[in-house]
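Architecture and fold: a report
What follows is each chain in one-letter form.
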Amino acid sequence: MPTPAADTAAPYGAAAAPAPRKAVNLARIADMHARGEKITMLTAYDATFAAVADAAGVDCLLVGDSVGMVCQGLDSTVGVSLDVMRHYTESVARGLRRVQGAAWLIADLPFGSYQESREQALRSATALMQAGAQMVKLEGGGWTVDTVRFITERGIPVCAHLGLTPQTVHALGGYRVQGRDEASAARLCQDARALQDAGAAMLVLEMVPARLARAVTAELARCATIGIGAGSGTAGQVLVLHDMLGIHLGKPAKFVRNFMAGADGIEAGLRSFVHAVKDGSFPEDGVHAW
Ligand code: KIV
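So, here's what we can say about the structure. Computed from a predicted structure; not experimentally measured.

Turning to the packing of aromatic side chains, a few remarks are in order. The final tally for this structure, using the stated rule, is 4 aromatic pairs. With a centroid separation of 6.0 Å and 5° between ring planes, the pair formed by Tyr 114 and Trp 143 is classed as stacked. With Tyr 114 in the loop between strand S3 (104-108) and helix H5 (118-130) and Trp 143 in the loop between strand S4 (135-139) and helix H6 (145-153), this pair connects stretches of sequence that are 29 residues apart. Summarising the aromatic geometry, the rings of Phe 259 and Phe 282 are spaced 5.3 Å apart at their centres and angled 80° between planes, so their arrangement reads as edge-to-face.

Put into structure tokens, the structure is as follows:
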């Protein structure tokens, strides 16, 4: 194990960013969205990877409840608890603080921590904000609108999540593309508009047809869409860190690209993700979308 560096020193070499960048905040996200600059997001679960992703210029880090599958070996995100999310959020936040990182930090509200009532959701969101998150993400459509309004009105930025919502994998019957038929596509559009009106500043669209994601993106001026398996027409892109590093417990999803191919180290792989999203070369519709 390396010796922990003093607080003032950049730990572990790779995290020594040459020039500090401006902190990403809600205003900068809105500005990128308005200017059409693609927003980059990766999941992070620990301090060191958080620091390296920040040094690579990733705009947003998501402490996803995918931590359950990636780090805890669970077979879905359903078993992830609020305590687990708090633990990993604190680790990522510390990593960013150690390098005076600029990335915007989002944490997932896990299954069972917000479904009961909007008050329960506020308590859970508060716990993650106190662990260091700057925004919370929650999954679901119309039934979450009141909760999103309640939380945002109390000063907690919210990222919504539509399409494939992994916490409801059992109700959905598997990890399948959502919004393929006209009725479900129309419902998704309606939910997206309602979530924007309720105050959601970002919206993850997971595994929906590229055409639908593009249409939803065009409708939302105040809410930046972040796609995963949703084609190239969203305001930004997110991937699970381990997926884009080419390390998996199972078979990678079709939309994943291994950014370590040809990269000279992990930070270079992360930089190549940032460049590919910013210049629009990832994802490629027809290759990484439906
Ligand atoms: O938990 C997670 O990693 C996520 C992303 C896949 C968007 O929600």
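On we go.
The next thing to look at is the side chain of Thr 217. One can find Thr 217 in helix H9 (residues 210-219). A polar atom in the side chain of Thr 217 sits 2.7 Å from the backbone oxygen of Ala 213. A distance of 3.5 Å separates a polar atom in the side chain of Thr 217 from the backbone oxygen of Gly 233. Those residues in contact with Thr 217, other than ones at most four positions away along the chain, are Thr 225, Gly 233, Thr 234 and Ala 235.

Summarising burial for strand S5 (residues 158-163): 6 of the 6 residues are buried, a large majority. With burial as the criterion, each face of S5 is covered, one bearing Val 158, Ala 160 and Leu 162 and the other bearing Cys 159, His 161 and Gly 163.

The final tally for this structure, using the stated rule, is 16 salt bridges. One salt bridge connects Glu 37 with Lys 278, and the closest N-O pair in it is separated by 2.7 Å. With Glu 37 in the loop between helix H1 (26-35) and strand S1 (39-43) and Lys 278 in helix H11 (residues 266-278), this pair connects stretches of sequence that are 241 residues apart. Lys 278 gets classed as partly exposed once you look at its relative accessible area, which sits at 28%. A cluster of three or more residues bridged by salt bridges with shared partners is formed by Asp 31, Arg 35, Glu 37, Asp 59 and Lys 278.

A few words now on the environment of His 33. Looking at the element boundaries, His 33 is found in helix H1. Measuring from C-alpha to C-alpha, the distance between His 33 and Thr 225 comes to 8.8 Å, with 192 residues separating the pair along the chain. If we skip the residues at most four places from it in the chain, His 33 touches Ile 39, Leu 220, Ala 221, Arg 222, Cys 223, Ala 224 and Ala 235.

Along the chain, Phe 282 connects to Pro 283 via a cis peptide bond; the corresponding omega equals -5°. Mapping Pro 283 onto the fold places it in the segment after H11. One non-glycine residue, Gln 100, adopts positive backbone phi at about 50°. Relative to the elements of secondary structure, Gln 100 occurs in the loop between helix H4 (82-98) and S3. Backbone geometry places Met 207, a non-glycine residue, at a positive phi of 45°. As for its position among the elements, Met 207 is in the loop between strand S6 (202-206) and H9. For Met 207, a relative accessible area of 9% puts it in the buried group.

Right, let's get into the sheet that holds S4. On the basis of which strands lie adjacent, the closed barrel formed by 8 strands has the order S1-S2-S3-S4-S5-S6-S7-S8 and parallel pairing. Neighbour-to-neighbour, the strand axes of this sheet turn through a mean angle of 25°, independent of strand direction. Looking at chain direction, strand S2 (residues 60-63) and S3 are connected through 4 bridges and run parallel. Considered in S3, the bridge of Val 63 is made with Ala 107. Those strands touched by H5 are S3 and S4, and its axis lies near 140° from that of S4. Against the sheet, H11 touches S1 and strand S8 (236-239), its axis set at about 145° to S1.

Conventions we followed
- All residue numbers refer to position in the chain's written sequence, counted from 1.
- Confidence filtering applies because this is a predicted model: local features only for residues at pLDDT of at least 70, side-chain atom pairs given and counted only at 80 or more, and all residues used for totals across whole chains, interfaces and linings.
- Calculation of side-chain values draws on the structure's entire complement of heavy atoms; hydrogens and water are dropped beforehand.
- In this analysis, rings of Phe, Tyr and Trp, with Trp reduced to its six-membered ring, are considered paired at centre separations within 6.5 Å, and the interplanar angle assigns stacked below 30 degrees, edge-to-face beyond 60, and tilted for intermediate values.
- The helix and strand labels rest on DSSP assignments: H or I over at least four residues marks a helix, E over at least two residues marks a strand, and numbering proceeds from the N terminus.
- Under the rule applied, a polar contact is a pair of N or O atoms within 3.5 Å (in protein, one hydrogen donor and one hydrogen acceptor; residues adjacent in sequence only if both atoms are side-chain atoms).
- Any two residues having at least one pair of non-hydrogen atoms within 4.5 Å are treated as being in contact.
- Per-residue accessibility, obtained with a 1.4 Å probe over protein chains only, is compared with the maximum for each type, and a residue is labelled buried under 20%, exposed over 50%, and partly exposed between these values.
- A pairing counts as a salt bridge when a side-chain nitrogen of Lys or Arg comes within 4 Å of a carboxyl oxygen of Asp or Glu.
- When DSSP finds at least two bridges between two strands, those strands are taken to pair.
- Between N-to-C directions, angles span 0 to 180 degrees; the directions come from axes that are lines fitted to C-alpha atoms, helices contributing only their stretch in contact.

These results come straight from atomic positions and should not be treated as a statement about function.
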